[in-house]
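Structural overview for review
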Amino acid sequence: MDNDSLNAHNEIVSRLSILDEADQKHVLDMVCQWFRFSANSKTPTQSRVSESDSPEKSVGLFSRESDLTPKEFLMEKKPFTNVERVVCLAYYLTHFRGARHFKTLDISKLNTEAAQSKFANPTVALNDTARSGLVVASTKGTKQISAMGEQFVLALPDRDAAKKKQREMGPRKRRKPTKAKPSKAERKQ
């Protein structure tokens, strides 16, 4: 191991030691995906998103376009509704800023940074997004993007494909049991 490698190793270990175990694993997973290493491999592996995919089609899970601003990301994804905008902002926070957990204020600040029109009520927008299953509750009152939310954003700006992903991955709706009509004999009683 040369001096540069040793210095990089020491820096990484030093930085990771201040994080809890879950965050350490998350950071290491992100770095492995960035360099296309599987956790158990010593060589790069095939990326989940093919290199031939155009940027208009999707941004890779941990895009090499890390200098993509929130404004550029939203221009690329073209969210139409507040729910779509919130899930895109949640995706950006998670994959470009490394913030797995976020609050309403984080979404609002990123929305402002992206030069988007303000939400009339950011809490309602985030709750609507949660109700749709694109973000889910996390720890200490925070939210995080769901797997369905990530697939939804990856499919944008193709809204039909995004909705299809949402239908495929979403929970199946339960039917309310119908009450049987009472028989004539039961009604007379």
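Along each chain, residues carry numbers from 1 onward, in the same order as the chain's sequence is written. Restriction of local features to residues with pLDDT of at least 70 applies here, the model being predicted, together with a cutoff of 80 or more for giving and counting side-chain atom pairs; totals for whole chains, interfaces and linings are based on all residues. Here the side-chain values reflect all heavy atoms present in the structure, with hydrogen atoms and water set aside.

**Points about the overall build of the protein chain**
The cut-off we apply is this: Here a strand is any run of E in DSSP of at least two residues, a helix any run of H or I of at least four, and the numbering for each starts at the N terminus. Only heavy atoms matter for contacts: two residues are in contact if any of them lie within 4.5 Å across the pair.
When helices and strands are counted, the protein chain shows 9 helices and 2 strands. Reading the helices (α) and strands (β) of the protein chain from amino to carboxyl end gives α-α-α-α-α-α-β-β-α-α-α. The long-range share in the protein chain, meaning contacts at least 24 apart out of those at least 6 apart in sequence, stands at 50%.

**What about the side chain of Gln166?**
Inclusion rule: Side-chain atoms alone can form a polar contact between residues adjacent in sequence; in general such a contact is a pair of N or O atoms within 3.5 Å, and within protein one must be able to donate a hydrogen while the other accepts it.
Summarising the element assignment, Gln166 is placed in helix α8 (residues 159–169). Within the local environment of Gln166, its side chain forms a polar contact with the backbone oxygen of Ser132, the two atoms lying 3.3 Å apart.

**Side note on the pattern of salt bridges**
The following threshold applies: Any Lys or Arg side-chain nitrogen located within 4 Å of an Asp or Glu carboxyl oxygen qualifies as a salt bridge. Exposure categories follow from relative accessible area, calculated using a 1.4 Å probe and restricted to protein chains: below 20% of the type maximum is buried, above 50% is exposed, and the middle band is partly exposed.
Inspection of the entire model under this criterion finds 4 salt bridges. In this structure, Asp128 engages Arg131 in a salt bridge whose closest nitrogen and oxygen atoms are separated by 2.5 Å. Residue Asp128 and its partner Arg131 are located together in helix α6 (residues 122–131), separated by 3 residues, close to a single helical turn. A relative accessible area of 30% places Asp128 in the partly exposed class. The class of Arg131 is exposed, set by a relative accessible area of 64%. Here Lys164 ties to Glu168 by a salt bridge, and the two come within 3.9 Å at their closest N and O atoms. Here the residue Lys164 and the residue Glu168 both occupy positions in helix α8, the gap between them amounting to 4 residues, near one helical turn.

**Let's talk about the packing of helix α4 (residues 82–96) against helix α7 (residues 147–155)**
Our working rule: Think of each axis as a best-fit line through the C-alpha atoms, taken over the contacting stretch in the case of a helix, with angles from 0 to 180 degrees between the N-to-C directions. Here roughly perpendicular refers to angles of 65 to 115 degrees, roughly parallel to angles under 35, roughly antiparallel to angles over 145, and oblique to all remaining angles. Each residue receives one of three labels: charged for Asp, Glu, Lys and Arg, nonpolar for Ala, Val, Leu, Ile, Met, Phe, Trp, Tyr, Cys and Pro, and polar for the others, Gly being one of them.
Taken N-terminus to C-terminus, the directions of α4 and α7 make an angle of 105°; their axes are 10 Å apart at the nearest point. In terms of orientation, α4 lies roughly perpendicular with respect to α7. Contact residues: α4 offers Glu84, Val87, Cys88, Tyr91, Thr94 and His95, while α7 offers Gly149, Glu150, Phe152, Val153 and Leu154. Its residues placed into classes, the contact of α4 with α7 shows 6 nonpolar, 3 polar and 2 charged.

**Notes on the packing of aromatic side chains**
How we decide: Pairing of aromatic side chains requires ring centres within 6.5 Å, counting the rings of Phe and Tyr and the six-membered ring of Trp. Pairs whose planes differ by under 30 degrees are stacked, by over 60 edge-to-face, and all others tilted.
The tally for this structure, following the rule as stated, stands at 4 aromatic pairs. Note on Phe73 and Tyr91: the rings are 5.7 Å apart at their centroids and 0° apart in plane angle, and the pair reads as stacked. With Phe73 in helix α3 (residues 70–77) and Tyr91 in helix α4, the pair connects residues that are 18 residues apart, well separated along the chain. Of the two residues examined, Phe73 and Tyr91, each falls in the buried class. Geometrically, the ring pair formed by Tyr92 and Phe96 is stacked, given 4.7 Å between the ring centres and 10° between the ring planes.

**Some thoughts on the environment of Ala147**
As for its placement among the helices and strands, Ala147 is situated in helix α7. We classify Ala147 as partly exposed; its relative accessible area is 49%. Through-space distance from the C-alpha of Ala147 to that of Leu134 is 7.7 Å; in sequence the pair is 13 residues apart.

**Here we look at helix α5 (residues 104–113)**
Note the following rule: Relevant arc is that of directions from the helix axis to the C-beta atoms, nothing else.
Here α5 has its buried residues at Ile107, Ser108, Leu110 and Asn111. When α5 is viewed along its axis, its buried side chains cluster within an angular range of 165° and face the same direction. Those residues of α5 that are exposed and angled more than 90 degrees off the buried face are Leu105, Lys109 and Thr112. Of the surrounding elements, those touching the buried residues of α5 are α3, α4 and α6. Ala115 sits one or two positions beyond α5 and adopts a positive phi of about 60°.

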